[in-house]
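# Descriptive analysis of the structure
These are the residues of each chain, in order.
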Amino acid sequence: MGKKKPVETASLFDEEKPPVADAPPAPDELPPLPPGVPGLPADLHLSWHAALDPETRKPYWADLAKFVTEERKTQTVFPPAADVFNAFRYTPLDTVKVLLLGQDPYHGPGQAHGLCFSVRPGVAPPPSLRNIYKELESDLGIPPVKHGYLAEWAKRGVLMLNACMTVRKGAANSHAGKGWELFTDAAIRAINAQTRTVVFLLWGAYAQKKIPLIDAAQHVIVKSAHPSPFSEAKFFGTRPFSKINAALEAAREAPIDWKLPERAEE
């Protein structure tokens, strides 16, 4: 079959007057996207396209696209449009060793960049991340770095995904219930469908609600309290990093190198 001409669509990810981009190739069995409805960013790995392109043909996706587009017209939305899908960019589906699940992005200026718990270079680590660093040092003896940029973890196989992938400035959970959760549940199911062992790192009650999506006979679930200052007493001492590496080694997978570079560079 000849290659279909790419469909021009509006973008879900740009703040204003987005440049028109070619939609990614879709499997032949998928219907074309409706006019004005964006597909996934073309630069995502093919493994994610194969798993998640079908979600963009479902009615909720068009509603989500419309909602985020309208929000960006009148509100400041985080992360910036170009960064919304960074978790998938940094960690292709076929390289995922660990899924670290957050709830929604940081809602302060300059913080969120598409990886849960991570902030951009030059931004001070927020309290939850500082507690993660403390536990990392206690668990594996790795001293904290001064920055909060966790992209190296993502590149090493840690998918750092927020269940809700956008948020309005200063308003936590403001984009909840608009469709993102359906999309990220599909991503969790795609990870669960992998035949190799993946470790699901679930901090806090919200993340642990996703346990029914996970086959615990095939994969490993590491769970504890959230690293937030509100629950830090229950978080400290849980040793998640050594548990993850032990699980990976038991599955004959290489462990994660949790040591971050001293300097953060995008």
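These lines cover the structure that appears in this document, whether it is placed above or below. (Residues numbered from 1 in each chain as written. Predicted model: local features only at pLDDT ≥ 70, side-chain atom pairs only at ≥ 80, totals over all residues. Heavy atoms only, no water.)

The N-to-C vectors of helix 4 (residues 127-140) and helix 9 (residues 240-250) enclose an angle of 60 degrees; their axes lie 7 Å apart at closest approach. In terms of their interaxial angle, helix 4 and helix 9 are classed as oblique. Contact residues: Ile132, Glu135, Leu136, Asp139 and Leu140 in helix 4; Pro240, Phe241 and Ser242 in helix 9. Taken together, the residues that form the contact of helix 4 with helix 9 break down as five nonpolar, one polar and two charged. (Axes fitted to C-alpha atoms, helices over the stretch in contact; angles between N-to-C directions. Helix = DSSP H or I, 4+ residues; strand = E, 2+ residues; numbered from the N terminus. Parallel < 35°, antiparallel > 145°, perpendicular 65-115°, else oblique. Contact = heavy atoms within 4.5 Å. Nonpolar A, V, L, I, M, F, W, Y, C, P; charged D, E, K, R; others polar.)

Our focus in this paragraph is the pattern of salt bridges. Under the criterion given, the structure shown has ten salt bridges. With a closest N to O distance of 2.7 Å, Arg168 and Glu71 form a salt bridge. Here the residue Arg168 occupies a position in strand 6 (residues 167-168), and Glu71 occupies one in helix 2 (residues 59-74), the gap between them amounting to 97 residues. Among the salt bridges present, the one from Arg120 reaches Asp83, with a minimum N-O distance of 2.0 Å. On the criterion of sequence distance, the pair formed by Arg120 in the loop between strand 4 (98-102) and helix 4 and Asp83 in the loop between strand 3 (77-78) and helix 3 (86-90) is long-range, its members being 37 residues apart. Both residues of the pair, Arg120 and Asp83, count as buried. Ionic contacts of the salt-bridge type, sharing partners, join the residues Glu152, Lys155, Arg156 and Asp257 into one network. (Salt bridge = Lys/Arg side-chain N within 4 Å of Asp/Glu carboxyl O. Buried < 20%, exposed > 50% of the residue type's maximum accessible area, 1.4 Å probe, protein only.)

Formed by 72 residues in total, the largest nonpolar core has its most connected members in Phe85, Phe88, Trp153, Trp180 and Phe183. Broken down by element, this core gets its largest block of residues, seven residues, from helix 6 (residues 180-192). Beyond its immediate stretch of four places on either side in the chain, Phe88 contacts Leu44, Trp48, Leu52, Leu159, Leu161, Met165, Phe183 and Ala187. (Core = buried A, V, L, I, M, F, W, Y, C linked by side-chain atoms within 4.5 Å.)

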